[in-house]
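Here are the chains, one letter per residue:
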Amino acid sequence: MSLDLPPLLDLARSVTDRAEQQLRDLTLGQITAKGDRDMVTNVDLAIERQARETLLHQAPGIGFFGEEEGGSTDIETYWIIDPVDGTANFIRSLPLCGISLALVHQGVPVLGVIHLPFLNRRYWAATKLGAFRDGHPIHPSAAKTLPEAMIAIGDYGTGPDAPERNRVSLTIQAHLAEQAQRVRMFGSAAVDLALVADGTIDACITLGNHDWDMAAGVAIAREAGAVVMDTDGSPHTPAAITTIATAPALRDAVLDILRTTTAGSRYAAGDRSPAC
């Protein structure tokens, strides 16, 4: 399939505009547990269902996968959505949450849109079309050293793999605390990646790689000019076990931290067993 990205980007932006209005307007009602300390709300489901209906109607031949109700990724090209990335933040009325929609083609995110309604920020990008925030081109920061860098760490893990993930995460934070300017945990992969893309922060590290969490942010950060990679420094792919985005000049310093802190764990370079 040959992709005409500009109209698909327009469609994605239209869908996320509608989703943003739903996120602002819908009353938070039912909150259902879907795993160890993980939740889904009526708002997540309403946004995903509306996006599915619109995208399948407007772009026939392109598949769809949603975090909450699934779909198929066994197709060359498909949409993938996290209807509310940062659901725990949303439930608590914390503004660090939003909608994350990507288009994946032959295993590569080629288009991404992230709306962060409660921060009044809208991001979008597509391959060779540039990356934008609220209509203005964006680029990662010019930070060159860890002492000048603010770095976000992905949320702590839940479920059966949480003990190892959290142990490694704490080790990373301990090393960064002694070297980075500041360390932050925002609780949303979409927020992390968007803020690296526009230079608000200088890097983000997540010990995991769910496509619905990462695909849109990866597309935006990469098109903006950030380095998006796995623990071993290879380009980030859906098979990566971690998701790391950095300002270009920070790549080696961040990798040095990760080589030390992930050694002997499933997140170490060379081990590509499935991430939690």
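Placed above this text is the structure.
This section reports on the structure supplied with the text. As the structure is a computational prediction, the values presented were derived from the model and not from experiment.

Attention now moves to the sheet that holds strand β7 (residues 108-116). For sheets, the rule is that strands pair by backbone hydrogen bonds, running either parallel or antiparallel. Spatially, the eight strands line up as an open sheet ordered β4-β3-β5-β6-β7-β8-β9-β10, and their pairing is mixed. Only two strands of the sheet have a single neighbouring strand rather than two, namely β4 (70-71) and β10 (136-137). Pairing between strand β3 (residues 63-66) and β4: two bridges, direction antiparallel. Note that in β4 the partner of Gly66 across the bridge is Gly70. Helix α6 (residues 211-224) contacts β3, β5 (77-85), β6 (98-105), β7, β8 (121-126) and β9 (130-133) of the sheet and is inclined by roughly 100° relative to β7.

Here we take up helix α4 (residues 162-179). Helix length check: α4 (18 residues) gives 26 Å between terminal C-alpha atoms against 26 Å at 1.5 Å per residue, within 8%. Taken residue by residue, α4 has Ala162, Arg165, Asn166, Val168, Ser169, Ile172, Gln173 and Leu176 as its buried positions. Mapping the buried residues of α4 onto a view down its axis gives an arc of 165°, with all of them on the same face. Opposite the packed face of α4, turned more than 90 degrees from it, sit the exposed residues Pro163 and Glu178.

A separate point is unusual backbone geometry. The backbone of Gln106 sits at a positive phi, close to 55°, despite the residue not being glycine. Looking at the secondary structure, you find Gln106 in the loop between β6 and β7.

One pass over the full model with this rule turns up two aromatic pairs. Ring geometry for Phe65 versus Trp212: centroids 6.0 Å apart, planes at 15°, classification stacked. Taken as a pair, Phe65 in strand β3 and Trp212 in helix α6 lie far apart in primary sequence, 147 residues in all. Residue Phe65 is classed as buried on the basis of its relative accessible area of 17%. Centroid distance Trp124 to Phe132: 6.2 Å. Interplanar angle 25°. Geometry classified as stacked. Accessibility expressed as a relative area gives 21% for Phe132, which makes it partly exposed.

Below, the discussion takes up the sheet that holds strand β11 (residues 150-153). If you walk across this open sheet you meet the five strands as β12-β11-β13-β15-β14, and the pairing is mixed. Unpaired on one side and paired on the other, β12 (182-184) and β14 (227-229) mark the two borders of the sheet. Here the strands of the sheet are splayed against their neighbours by 15° on average, with no regard to which way each runs. Looking at chain direction, β14 and strand β15 (residues 243-246) are connected through three bridges and run antiparallel. The partner of Met229 across the bridge, within β15, is Ile244. Contacting β11, β12 and β13 (203-206), α4 runs over the sheet at an angle of about 170° to β11.

Rules of the game
Residues numbered from 1 in each chain as written. Predicted model: local features only at pLDDT ≥ 70, side-chain atom pairs only at ≥ 80, totals over all residues. Heavy atoms only, no water. Pairing = 2+ DSSP bridges. Helix = DSSP H or I, 4+ residues; strand = E, 2+ residues; numbered from the N terminus. Contact = heavy atoms within 4.5 Å. Axes fitted to C-alpha atoms, helices over the stretch in contact; angles between N-to-C directions. Expected span 1.5 Å × (residues − 1). Buried < 20%, exposed > 50% of the residue type's maximum accessible area, 1.4 Å probe, protein only. Arc of directions from axis to C-beta. Phe/Tyr/Trp six-rings, centres within 6.5 Å; stacked < 30°, edge-to-face > 60°.

Remember that the coordinates give geometry; whether it matters functionally is a separate question.
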